[in-house]
Amino acid sequence: MEESKKVYWKGIEQLANNPEFVKHAHEEFAQPGPEEDLGHSRRDFLKMMGFGVSAVALAACEAPVRKAIPYVNKPVEIDPSIANYYASTYTNGGDYCSIVVKTREGRPIKIDGNALSAVTKGGTSAQVEASLLSLYDNSRLTGPRGAAAEGKKREKLSWEDLDKQVGAKLSEIAGKGGQIRIVSNTILSPSTRAAIEKFKAKYPTTQVVQYDQSSAYGILKANEASFGKAFIPSYDFSKASVIVSVAADFLGSWISPIEFTKQYAITRDVSEEKREMSRHYQFESILSITGANADYRTQIKPSEEGAALVALYNLIASKAGKPTVSGGDDKIKNVAKAADDLWAARGKALVVAGSNDKSIQIIVNGINDLLSSYGTTIDVNLPVNYRQGDDAAMAAFVSEAEGGKIDGVIFYNCNPVYDHPEGEKLGAALKGIALTVSTGYKEEETGALVQYLAPDHHFLEAWNDAEPKLNHYSLGQPAITPIFKTRAAQETLLLWSGEANADYFEFVQSNWKTWFYKGTPDFQSFWDKALYDGILEVPTVSAAVVPTFAGDVNAAASTIASTPKSAGFELVIYESGNVGNGSQANNPLLQELPDPITKAVWDHYVTVSPKDAKDINFAESNTKYFTVTVEGKKPVKVPVLVQPGQTPGTIGIPVGYGRTKAGKVADGIGQNVYPLLATVNGSLSYTLNNVKFEKTNEDYQIAQTQTHNTYMGRETVVQETTLEKFQDKHWDRSFHPTVSTWADPKHKVAPGEVSIWKGHEYKDHHWGMAIDLNTCIGCGACVVACNVENNVSLVGREEVINRREMHWLRIDRYYSSDAKIDDWKGIEEAAENPEVVFQPMLCQHCNNAPCETVCPVAATTHSTEGLNQMTYNRCIGTRYCANNCPYKVRRFNWFKYHDNKQFETVNPAMNTDLGKMVLNPDVTVRSRGVMEKCSFCVQRIQSGKLTAKKERRPMQEDEVVTACQASCSTGAIVFGDINNPESKISKLLKIRPADPERPHRIDKITDNPRAYQVLEEIGVKPNIWYLTKVRNKDAAKA
Amino acid sequence: MQVTSVVRDPLVTGGKTVGDVSHDISRQVEGKPTRMWWMAMAVSFVFFAYGFYCVCTLLWHGVGVWGLNKTVGWAWDITNFVWWVGIGHAGTLISAILLLFRQRWRMSINRAAEAMTIFAVICAATFPLMHMGRLWLGFYWALPLPNAFGSLWANFNSPLLWDVFAISTYFTVSLVFWYIGLIPDFATIRDRAVVQGNKIRAEVYNALSFGWQGGAKTWMRYESVALILAGLSTPLVLSVHTIVSMDFATSVIPGWHTTIFPPYFVAGAIFSGFAMVLTLLLITRVVFKLEDYITIYHIELMNIIIIVTGSVVGVAYITELFISWYSGVEYEGYAFYNRVQGPYAWAYWSMMTCNVISPQLFWIKKIRTSIAATFILSIIVNIGMWFERFVIIVTSLHRDYIPSSWTMFHPTMYDIGEYLFTFGLFFCAFLLFAKFFPVINMAEVKSIIKVGSEKTTDDTHH
């Protein structure tokens, strides 16, 4: 074969064969590749990949890392896991409550009442309890905002820029002598008023316009006419043995319900030693929580309120030998009886009316004058500062604004565009005003229409003070550093007034120094004490002189008589027991709190009497939409809710719904009915005549937590009696279940005596609870308190319709029925004007708990102190325990309610970073698929025990207070150790061991004749006793 | 003169020989599946697949996809569970109790009945699993397994735990009993496969038959084992539903808390089990052409059992009503008033009609021996028995002691979907069984046909 001479070469390099090439010729790559450049080999690559893959795989197996950032320098007062408490003040417009804020690691997690306050005396309300979550509202403003350009988002400003821009505009307005208004709800804070005065000093054309959602202007005007001064006096229900209320919901929304609830409960408390209680008459159209607690409740139409009061006046005047006035309708049921009782109890009687009509209030004043209530149950020398809103001034402001006469307006923490009847007009007029500012901590409907948003702190972040009542002062201290770039509204005003030192804390402090500090001891001690107590009460030198009543009752009566009667339906616009006036509507705790009466949640509705709703089958909350048309106003379409107790011919719609800019929670629920309010004789009227009420064909299902309204005559569930019967020393509760034993069928014994259980012995504590059905008014503060304390999930409207609300504590509301007890079909229907009973229902912590025996995995067990405990970690979710619970108090986690987008809106406390700050770190957030229920606040019990142990002492009696008990303004709930004879509960129930030889056995005997246990005869031996309800009514009606 | 007794009517008709038996029954296994089989399988699979989707949704999102609520914590889930367990009763009853009583007519139906039992118990078991909030833990936490959690142990007081034992024991014994019965028949199929030269089938069935050779000693042992297992199974027939009934009977809920439950539940279970066996066999005998093996005589005997158990159940219903009144207990009284008159009265009266009235039609011989009537009534009985469990569970829970919690239960598509899932599962399994396993116990049936020169035809009578 011929040898080829040809030479093939791989590249120029080989052809050239230079030394550099020869050096690398044996290597795989003649030129170094990029990996060699970097100093990595393929082996490295494989190693890295292997490591990478396994690292990723391993990381995927691990739970995500949650960072807990430790304090670099631990604040002196904070010990991780130890709660701190700060006294502070809740104010929301004209509503007031002295509070104690519980914080953990700098986060407020619970609000309790401040027992030191002489005004609220440790009481709270659902609104106050829930306001905590408003602090962590995701729709809060995070800093100041400027005007929005067309179709764009608002411009974020720095506070400096905002001050500059607003300042320039203010000087411009001042330069041309323009008018400035500060619009607000009632301002309770003297320092805020002082700050406003400073602003007024700088801009003298400024005027303050106060208005209230629930106006008491009629009372102010009536008192001006009666006593020469526009004020609201202090009422003292605790001194009244006969109370007559004409449409005043003083336990729910009238003037100062927390205070009144406390006082009222004192008169409703009965015992063997005190067999006396007040008698309460209520005349009203809607069934209010106050009416539900009355002994005699009369259904009247709103147009009859005046007539009822005039009749009452005349009846009493004739008894007093005073001239009567014309008019009145004494045929109204119970008026004559009420007059008799009032007259008999003069000096201990009180008449109140909810109407905002000056004439009606003058008649009320007249009656109270005849009854010598002034100086006894009403203290005119101790005026209160709630509800100082001036309807006339507000109306004047709106027309001025519309007329272009206003140049600048500052909305101080109020939302009139939403909650004033002229809101829409005002909103439209704002465009024509040169400077509009809102200081609300949220944007809301009014904020959306102003140029500048200068957000205030939430009240829990801010210094403030309040003067709810003459000489009763209250300090508000921040319980958390401001979460966002907000600034105290007062500081904003002071800055705009040109104050050199605008710090509001220093301002408040210096005010207090000037106003209240008496020179001894040193100011710091004075201040520290005020701050610690949260309140400062200067003893009032009560002027014994009671001003003379100078009201013109004749004129008032003739005004009332001339009021036209209604042709169509009469409409009552009222505050519901959950979202109230709507200012906190974006708070899901309130949205999911069942209204005390209707038990509806997350829904807006119009209440109607069963008589007027004959063609509606209101089964399982299924209903129809109705349109409600008030003359000259836009019709409102809301679903109808059939309400026993409602006066036929009347309908009621709560305010607080129809929010459009409140945030994700509240927006779009229901209709805004503030625009329906009318102005009558210069004051807002919450009742309307000639209302058209028409059915539509649209279906709706209202979310209600209770759909069966009667207790089916089951005496073992609810027991009640009359005062007359109870006054008999030998009175015994009506129902004592007994069982026969096999040994002797004639010998009947209490069901608890027969048991195949060995029973427990609690050597140490034996926790129990007593709930007084007589003082429980059904307000629901305990429900919210329980939710907050125990991280109870909120589940939203749909899930409530599916009957899956998670509340550990619920308040069962039962109506009486007119049917015979053995008519099982008839007894399902409530009476037309039913008597109402509220029964808080929670885990009864049975000693022979039926839930415990059926759990296959022993996830629910009994403690050595009588608690029925739930071990979430062990629960596999068979729900057998819930089925076998006779009280139906166990709650199942049907879904994952935390960290689940589906529940983000309704349950922000477990689904958003901001919301999670509210969670109580001592209580587990439950996962999907486990059962939960009331634990008797076991974390509080544990904390109490540990504190005692640390201090090397036995636990004191009543050292542990459950969240529901703490929130109960009426003291209806008493929790404690029934092994300790000194505890409040032992004394209340007069409890003693059944076998004195073995005092720690579960078997206890209560000597309080009112004490009974729900479903006693099934022998589960609960640790909760209820105290029989006593109605102060004549036996004839019983 | 020689006296001859009247010869019994033969249990197998059509003059079948031993060879015929092997052929008729093995034919299904050896041949290709029929169109009917494919269609039935397709329908079942659709149910199964849809149901499986619903099961996955349930497991992914939580038990909340069902219509349950705070008051009614069990509804369709446990209703279906008890219903399927009840259905599962007939198989063992037929094979065990009737074996002990030497009821030879059972031989041609026991195999299918036992298979039905096993599949029904599997279907039943899916519900307690699905209804758990945390299945991923619950499936083993409910067992008393040694663990590293200290003294953590299952709660032996809980009837749910007894259920776990009762059902798993019942399932295990039934499965063993069924399988042992299958062994000689698998061997028959193997032997035929060897002859037919189908090596794969021969191997598979050889393995399934554990190498059965059919020696006399083996047969003797086989029969002893069958007898022992029958003895073991017999108390189980009574115990399973007794224990299931205790889930309710030991509770405090009016309508559940009833001492009559154990016998009442057992009777109901046999009642529904026989109805289900009839439904299935009436289809099988047509589809697989087994009319000669499952005769009108079988059907009639089973219908008689349905009359008896249906009447027992009826008496139980009436006793419950009587006692609720006679006890004088307000809650008991209301619970039954509510069943009869309350919002779920339609369910109660459906139950009464289907379970108490309709089986009484079987007193009429014409209906008792009519295949169409039997088929319809067997389905009605099973509808009625489903309602019985629904009535017991839901109407007792939805209005118990505290009226504020009273509410209704509304099923969702997932409640329905999971029920369909078990139907899909059951029929897929049953169809696979019917295709690959001998549906009639060949070995036993061969013992009841006349053999030799004596042809079992009518003309042999003189």
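Residues numbered from 1 in each chain as written. Chains lettered and ligands numbered in written order. Predicted model: local features only at pLDDT ≥ 70, side-chain atom pairs only at ≥ 80, totals over all residues.

Caption draft 1: Layout of the overall build of chain A. If you tally the helices and strands in chain A, you get 31 helices and 43 strands. Relative to the 2.2 N^0.38 estimate, which gives 31 Å for 1038 residues, the radius of gyration of chain A is 34 Å and therefore close to what a compact globule would have. Each of the three principal axes of chain A carries a C-alpha extent, and together these read 150 × 100 × 70 Å. A fraction of 72% describes how many contacts in chain A between residues 6 or more apart in sequence connect residues 24 or more apart. (Helix = DSSP H or I, 4+ residues; strand = E, 2+ residues; numbered from the N terminus. Rg over C-alpha atoms; globule rule 2.2 N^0.38 Å. Contact = placed C-beta atoms within 7 Å.)

Caption draft 2: Quick peek at the overall build of chain B. For chain B, the helix and strand inventory stands at 17 helices and zero strands. Taken over the C-alpha atoms alone, chain B extends approximately 80 × 60 × 45 Å along its principal axes. For chain B, with 462 residues in total, the buried portion stands at 50%. Taking as baseline every contact in chain B between residues at least 6 positions apart, the subset at least 24 positions apart corresponds to 83%. (Buried ≥ 20, exposed ≤ 12 C-beta atoms within 10 Å, placed from the backbone.)

Caption draft 3: Quick peek at unusual backbone geometry. Residues and elements named next belong to chain A. Positioned with a positive phi, R387 is a non-glycine residue whose angle comes to about 50°. Along the chain, the position of R387 falls in the loop between strand 13 (378-384) and helix 14 (391-402). The backbone of S621 shows a phi angle near 65°, a positive value even though the residue is not glycine. Inspection of the secondary structure puts S621 in the loop between strand 21 (606-608) and strand 22 (622-629). What makes S621 buried here is the crowd of 23 C-beta atoms within 10 Å.

Caption draft 4: Local environment of the nonpolar core. Ranked by size, the top nonpolar core spans 421 residues in total, and within it L309, L312 and I363 of chain A together with V277 of chain B carry the most contacts. Ranked by residue count, the leading element in this core is helix 10 (residues 261-287) of chain B, at 15 residues. In contact with I363 of chain A, not counting residues within four places along its chain, are L309, V310, Y313, V553, A556 and A557 of chain A. Judged by nonpolar contacts, the second largest core, of five residues, contains M277, L723, F726 and V1030 of chain A. (Core = buried A, V, L, I, M, F, W, Y, C linked by C-beta atoms within 7 Å.)

Caption draft 5: Region of interest: the domain arrangement of chain A. Residues and elements named next belong to chain A. Partitioning chain A into structural domains gives domain 1 (1-64), domain 2 (145-214 + 389-533), domain 3 (232-384), domain 4 (566-701) and domain 5 (720-794 + 811-852 + 860-869 + 935-1037). Between domain 2 and domain 3, the C-alpha centre-to-centre distance is 37 Å. Listed as interface residues are four residues of domain 2 and, on the opposing side, five residues of domain 3. Broken down by class, the residue content of the side of domain 2 that touches domain 3 amounts to two nonpolar, one polar and one charged. (Domains from an automatic or database assignment. Nonpolar A, V, L, I, M, F, W, Y, C, P; charged D, E, K, R; others polar.)

Caption draft 6: Here's a closer look at the interface of chain A and chain B. With 45 residues of chain A at the interface, the matching set in chain B holds 40 residues. Residue assignment for the side of chain A that touches chain B shows that the elements contributing at least two residues are helix 26 (850-854), helix 27 (880-883) and strand 36 (891-892) of chain A. Here the side of chain A that touches chain B is composed, by residue class, of 23 nonpolar, twelve polar and ten charged.

Caption draft 7: How the structure looks around the sheet that holds strand 3 (residues 107-113) of chain A. Residue and element names in this part refer to chain A. The three strands lie next to each other as 1-2-3, forming an open sheet whose pairing is antiparallel. Each having just a single partner strand, strand 1 (84-92) and strand 3 make up the two edges of the open sheet. Neighbour-to-neighbour, the strand axes of this sheet turn through a mean angle of 35°, independent of strand direction. When strand 2 (residues 95-104) meets strand 3, the two strands line up antiparallel, connected through six bridges. Residue pairing across strands places R104 opposite R107, the latter belonging to strand 3. Packed onto the sheet, helix 5 (residues 126-135) meets strand 1, strand 2 and strand 3 and runs at close to 170° relative to strand 3. (Pairing = 2+ DSSP bridges. Axes fitted to C-alpha atoms, helices over the stretch in contact; angles between N-to-C directions.)

Caption draft 8: Spotlight on the sheet that holds strand 12 (residues 349-353) of chain A. Residues and elements named next belong to chain A. Read across the sheet, four strands follow the order 11-10-9-12 without closing on themselves; strand pairing throughout is parallel. Here the strands that pair on one side only, and so sit at the sheet edges, are strand 11 (296-299) and strand 12. On average, each strand axis in the sheet is tilted by 10° relative to the strand beside it, whichever way the strands run. Along the sheet, helix 11 (residues 305-320) makes contact with strand 9 (242-246), strand 10 (279-284) and strand 12, crossing strand 9 at roughly 145°.

Caption draft 9: The arrangement of the confidence of the model for chain B in detail. Residues and elements named next belong to chain B. For chain B, mean pLDDT is 90; residues scoring 70 or higher make up 95% of the total. In this model residues 1-5 is a low-confidence stretch, pLDDT under 50, and it forms zero contacts with partners more than four residues away in sequence or in other chains. In this model, residues 452-462 is a region of pLDDT below 50 whose contacts with residues beyond four sequence positions or in other chains number nine contacts. Overall fold confidence (pTM) sits at 0.91, and the ipTM for the predicted complex is 0.93. (pLDDT = per-residue confidence, 0-100.)

Caption draft 10: Highlighting the pairing of strand 17 (residues 464-469) of chain A. Residue and element names in this part refer to chain A. Counting buried positions over the six residues of strand 17 gives six, a clear majority of the element. Pairing analysis gives four bridges linking strand 17 to strand 18 (residues 472-476), with the strands arranged antiparallel. Bridging across to strand 18, A466 finds its partner in S474.

Caption draft 11: How the structure looks around the packing of helix 11 (residues 296-326) of chain B against helix 13 (residues 345-357) of chain B. Residue and element names in this part refer to chain B. The contact between helix 11 and helix 13 brings their axes to 8 Å, and the two run at 140°. Comparing their axes, helix 13 and helix 11 come out oblique. Of the residues in helix 13, those in contact with G310, V313, G314 and Y317 of helix 11 are M352, N355 and V356. Along the lines of polarity and charge, the residues of the contact of helix 11 with helix 13 split into four nonpolar, three polar and no charged. (Parallel < 35°, antiparallel > 145°, perpendicular 65-115°, else oblique.)

Caption draft 12: Fine view of the environment of I332 of chain A. Residue and element names in this part refer to chain A. Tracing the backbone shows I332 in the loop between helix 11 and helix 12 (335-344). Spatially, the C-alpha atom of I332 lies 8.0 Å from that of T298, the residues being 34 residues apart in sequence. If near-sequence neighbours (up to four positions away) are discounted, I332 is found in contact with T298, I300, E304, A307, A308 and A311.

Caption draft 13: Region of the structure containing the pairing of strand 4 (residues 145-148) of chain A. Residues and elements named next belong to chain A. Examined bridge by bridge, strand 4 and strand 5 (residues 154-156) share two bridges and lie antiparallel to one another. Across the sheet, A148 pairs through a bridge with R154, a residue of strand 5. A loop of five residues connects strand 4 with strand 5, the two strands running antiparallel in sequence, and G151 in this loop sits at a positive phi of about 65°.

Caption draft 14: Inspection of helix 7 (residues 159-196) of chain B at higher detail. Residues and elements named next belong to chain B. A rise of 1.5 Å per residue sets the reference length of helix 7, with its 38 residues, at 56 Å; its end C-alpha atoms lie 53 Å apart and thus fit the reference within 8%. Along its length, helix 7 reaches its greatest deviation from straightness, about 35°, at I183, and the proline P184 lies no more than four positions downstream. Directly after helix 7, the chain includes G197, whose backbone phi takes a positive value near 80°. (Expected span 1.5 Å × (residues − 1). Bend = angle between axes of the 7 residues up to and from the residue.)

Caption draft 15: Representation of the environment of F397 of chain A in the model. Residues and elements named next belong to chain A. Examined against the element boundaries, F397 turns out to sit in helix 14. Judged by the 25 C-beta atoms lying within 10 Å of it, F397 is buried. Expressed as a C-alpha distance, the spacing of F397 and C881, which sit 484 residues apart in the sequence, is 61 Å. Beyond its immediate stretch of four places on either side in the chain, F397 contacts R181, V183 and V209.

Caption draft 16: Region of the structure containing the environment of K695 of chain A. Residues and elements named next belong to chain A. Residue placement: K695 occurs in strand 27 (residues 687-701). Residue classification places K695 among the partly exposed residues on the basis of 13 C-beta atoms within 10 Å. For the pair formed by K695 and V640, sequence separation is 55 residues and the distance between their alpha carbons is 8.9 Å. For K695, the residues in contact, after removing those within four places along its chain, are K624 and F626.

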